[in-house]
Amino acid sequence: MICSNQWLMKIQSSSLSAVIFLSAVALPWAALRAAPLKSATVTELKNEVHLAKEGVAARPAEKKDTVAGNDRLTTGKKSRAELEFPDKSIARLGSNTIFSFDPQSRDMKVERGTALIHVPPGLSGARISTPAATAAIQGDVVAMRVDGKGMTQIVALSRDALGPVKVTFNKTGETRALEAGQLLTIDPTATRMPEPMNVAVDVFVQSSGLAGGFKSDLPDSAKKEIHQTTELQAK
């Protein structure tokens, strides 16, 4: 199983629950290359969080640390961290997570663990890769979980005006569009992707340690986008 039972139960507690596979995505490459994510600042951390600077052994991370280049931020058991980029994009990391990004582009990588990522609308989006899939987002809020075997779950908590989140199955290049309030599960050993299924975003947000559980609130732009999704689902 890709996720812990607890995480699955949180999603399945909604009347809309789902498990899905995502597919290939591509934002325009010119946009993805714009305004690269050169660095980020650690804005919050709890318990065991380590920063591995490129070519240097990992050390305990500290608030206001700069993460740059090909540095990796890792969290341990019952730990979490938040990164903020200069363009106000954020990455919130849950327990047992390995996160990095490419300073020459807008590419992020979640090798393992859980993450909530938000890029404000009107920017150049971002591309988030896991061992099983690659998600292209624009001005969106997405949450994901990656288990030790690379199985990946992605939840779109919002939908940008320019279009839905798009996911590529790394193995086949197959593509799926992920609308707000949909969940996709990508098994790296599968031969094809299933269709997305619906989740109740309000239930997910209320129970998620990534949407809440931090000292600071989500950015206003993220809260606005999630609110729009919950209002749409309530109709």
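Note: the structure precedes this text.
Residues numbered from 1 in each chain as written. Predicted model: local features only at pLDDT ≥ 70, side-chain atom pairs only at ≥ 80, totals over all residues. Heavy atoms only, no water.

(A) Local environment of the overall build of the protein chain. When helices and strands are counted, the protein chain shows 4 helices and 17 strands. Classification of the 235 residues of the protein chain by burial places 51% in the buried group. Sequence-distant contacts in the protein chain: of pairs separated by 6 or more residues, those separated by 24 or more amount to 57%. Looking at the protein chain as shown, the accessible area adds up to about 10,600 Å², and 51% of this sits on carbon and sulfur atoms. (Helix = DSSP H or I, 4+ residues; strand = E, 2+ residues; numbered from the N terminus. Buried < 20%, exposed > 50% of the residue type's maximum accessible area, 1.4 Å probe, protein only. Contact = heavy atoms within 4.5 Å. Areas by Shrake-Rupley, 256 points an atom, 1.4 Å probe, with all protein chains shown as cover.)

(B) Spatial organisation of the pattern of salt bridges. Taken as a whole, this structure holds 12 salt bridges when the rule is applied. In this structure, Arg 159 engages Glu 179 in a salt bridge whose closest nitrogen and oxygen atoms are separated by 2.6 Å. With Arg 159 in the loop between strand 13 (152-156) and strand 14 (165-169) and Glu 179 in the loop between strand 15 (175-178) and strand 16 (182-186), the pair connects residues that are 20 residues apart, well separated along the chain. According to the relative accessible area criterion, Arg 159 is partly exposed, its value standing at 42%. (Salt bridge = Lys/Arg side-chain N within 4 Å of Asp/Glu carboxyl O.)

(C) Up close: unusual backbone geometry. Positive phi outside glycine occurs at Lys 88, with the angle close to 80 degrees. Mapped onto the elements of the fold, Lys 88 is located in the loop between strand 6 (80-84) and strand 7 (90-93). Positive phi, normally seen in glycine, also occurs at Asn 96, with a value near 55 degrees. Examined against the element boundaries, Asn 96 turns out to sit in the loop between strand 7 and strand 8 (98-101).

(D) Here's a closer look at the pairing of strand 16. When you tally the buried positions in strand 16, you get 5 out of 5 residues, the bulk of the element. Residues of strand 16 alternate between two faces, with Gln 182, Leu 184 and Ile 186 on one and Leu 183 and Thr 185 on the opposite face, all of them buried. The sheet contact formed by strand 13 and strand 16 spans 5 bridges and is antiparallel. Each bridged residue has a counterpart across the sheet, and for Thr 152 the counterpart in strand 16 is Ile 186. Two elements, strand 16 and strand 17 (residues 197-198), share 2 bridges in a ladder whose sense is antiparallel. Directly across from Leu 183, in strand 17, lies its bridge partner Met 197. (Pairing = 2+ DSSP bridges.)

(E) How the structure looks around the packing of aromatic side chains. Inspection of every chain in the model, using the stated rule, returns 2 aromatic pairs. For the ring pair Phe 85 and Phe 101, a centre distance of 5.0 Å and an interplane angle of 75 degrees mean the geometry is edge-to-face. Of this pair, Phe 85 sits in the loop between strand 6 and strand 7 while Phe 101 sits in strand 8, and the two are 16 residues apart along the sequence. For the pair shown, Phe 85 and Phe 101 are each scored as buried. Relative to Phe 101, the ring of Phe 99 has its centre 6.5 Å away and its plane inclined at 45 degrees; by these criteria the two rings are tilted. (Phe/Tyr/Trp six-rings, centres within 6.5 Å; stacked < 30°, edge-to-face > 60°.)

(F) A look at a positive patch on the surface. Taken together, the side chains of Lys 46, Lys 63, Lys 64 and Lys 215 define a basic patch exposed on the protein surface. Mapped onto the fold, Lys 46 is located in strand 1 (residues 39-46). (Patch = residues over 30% accessible without salt bridge, like charges linked within 9 Å, V, L, I, M, F, W, Y side chains within 5 Å. Lys, Arg positive; Asp, Glu negative; His and termini not counted. Charge placed at Lys NZ, Arg CZ, Asp CG, Glu CD.)

(G) Up close: helix 4 (residues 220-234). The terminal C-alpha atoms of helix 4, which comprises 15 residues, lie 21 Å apart, in line with the 21 Å expected from a rise of 1.5 Å per residue. Inspection of helix 4 places Ala 222, Glu 225, Ile 226 and Thr 229 among the buried residues, and these make up the whole buried set. Here the buried residues of helix 4 occupy an arc of 95 degrees about the axis, which is enough to place them on one side. Away from its buried face, by an angle of more than 90 degrees, helix 4 presents the exposed residues Asp 220, Lys 224 and Ala 234. (Expected span 1.5 Å × (residues − 1). Arc of directions from axis to C-beta.)

(H) Fine view of the nonpolar core. Core analysis: the largest hydrophobic core is formed by 39 residues, its most contacted members being Phe 99, Met 108, Ile 117 and Ile 186. When residues of this core are assigned to their parent elements, the largest contribution, 4 residues, is made by strand 9 (residues 107-118). Not counting the four nearest positions on each side in its chain, Ile 117 is found in contact with Ile 90, Ala 91, Phe 99, Met 108, Ile 128, Ile 137, Asp 140, Val 141 and Val 142. Counting residues in each nonpolar core, the second largest holds 16 residues, with Ile 90, Leu 183, Val 201 and Leu 210 among its members. (Core = buried A, V, L, I, M, F, W, Y, C linked by side-chain atoms within 4.5 Å.)

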